[in-house]
Amino acid sequence: MMRTLEEYMALSYQMVIVEDPDEGGYVGYFPELPGCITTGETVEETVSNMKDAKKAWLEAAIEDGFSISEPSGADFLKRLANCELIAAQSKACNAVQRT
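A. Structural view of the pairing of strand β2 (residues 26-29). As paired elements, strand β1 (residues 14-19) and β2 share 4 bridges and run antiparallel to each other. Paired with Ile17 across the two strands is Gly28, which belongs to β2. The loop that links β1 with its antiparallel partner β2 comprises 6 residues; one of these, Gly24, has a positive phi angle of about 85°. Both β2 and strand β3 (residues 37-40) contribute to a ladder of 4 bridges, which runs antiparallel. The residue bridging Tyr29 from the neighbouring strand is Ile37, located in β3.

B. Geometry of the side chain of Thr38. Structurally, Thr38 can be placed in strand β3. The buried category is assigned to Thr38, whose relative accessible area is 18%. Those residues in contact with Thr38 that sit more than four places away from it in its chain are Tyr26, Val27, Gly28, Thr46, Asn49, Met50 and Ala53.

C. How the structure looks around the pattern of salt bridges. According to the stated counting rule, one finds 1 salt bridge in the structure shown. In this structure, Glu70 engages Arg3 in a salt bridge whose closest nitrogen and oxygen atoms are separated by 2.8 Å. Note that Glu70 is positioned in the loop between α2 (43-64) and α3 (74-79) and Arg3 in the segment before α1 (5-10), a separation of 67 residues in sequence. Under the relative-accessibility criterion, Glu70 is labelled partly exposed at 37%. On the basis of relative accessibility, which here comes to 32%, the residue Arg3 falls in the partly exposed class.

D. Summary view of the side chain of Asp20. You can see Asp20 is positioned in the loop between β1 and β2. Contact partners of Asp20, with chain neighbours within four places excluded, come to Gly25, Tyr26 and Val27.

E. Fine view of the nonpolar core. By size, the foremost hydrophobic cluster in this structure holds 18 residues, and its most contacted members are Tyr13, Ile17, Phe30, Leu33, Trp57, Leu58 and Ile68. When contributions to this core are tallied by element, the ones reaching two or more residues are α1, β1 and α2. Setting aside its immediate chain neighbours within four residues, Leu58 contacts Leu5, Tyr8, Met9, Leu33 and Ile68.

Rules and cut-offs
Residues numbered from 1 in each chain as written. Predicted model: local features only at pLDDT ≥ 70, side-chain atom pairs only at ≥ 80, totals over all residues. Heavy atoms only, no water. Pairing = 2+ DSSP bridges. Helix = DSSP H or I, 4+ residues; strand = E, 2+ residues; numbered from the N terminus. Buried < 20%, exposed > 50% of the residue type's maximum accessible area, 1.4 Å probe, protein only. Contact = heavy atoms within 4.5 Å. Salt bridge = Lys/Arg side-chain N within 4 Å of Asp/Glu carboxyl O. Core = buried A, V, L, I, M, F, W, Y, C linked by side-chain atoms within 4.5 Å.

And the structure:
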């Protein structure tokens, strides 16, 4: 049985944010939601945009009857629940967050 939009929105999908060296700003995507990608000028703006992109992606997937993956790696990510950013040694900012 397919979940409702609200149920899917409540699930914690991995969020990845990387600096865009070509265009500037940041690119954010959800590895478990293929094609769910957005950008922002700052990490904070990208996180906000990702929440909107996640909702739009889920709405379209539900409407089209597309199979939606459940989040994976919950045990590992529970240990990172309070960690919003993991900084790489390079200038790139790799953010891992659950939303």
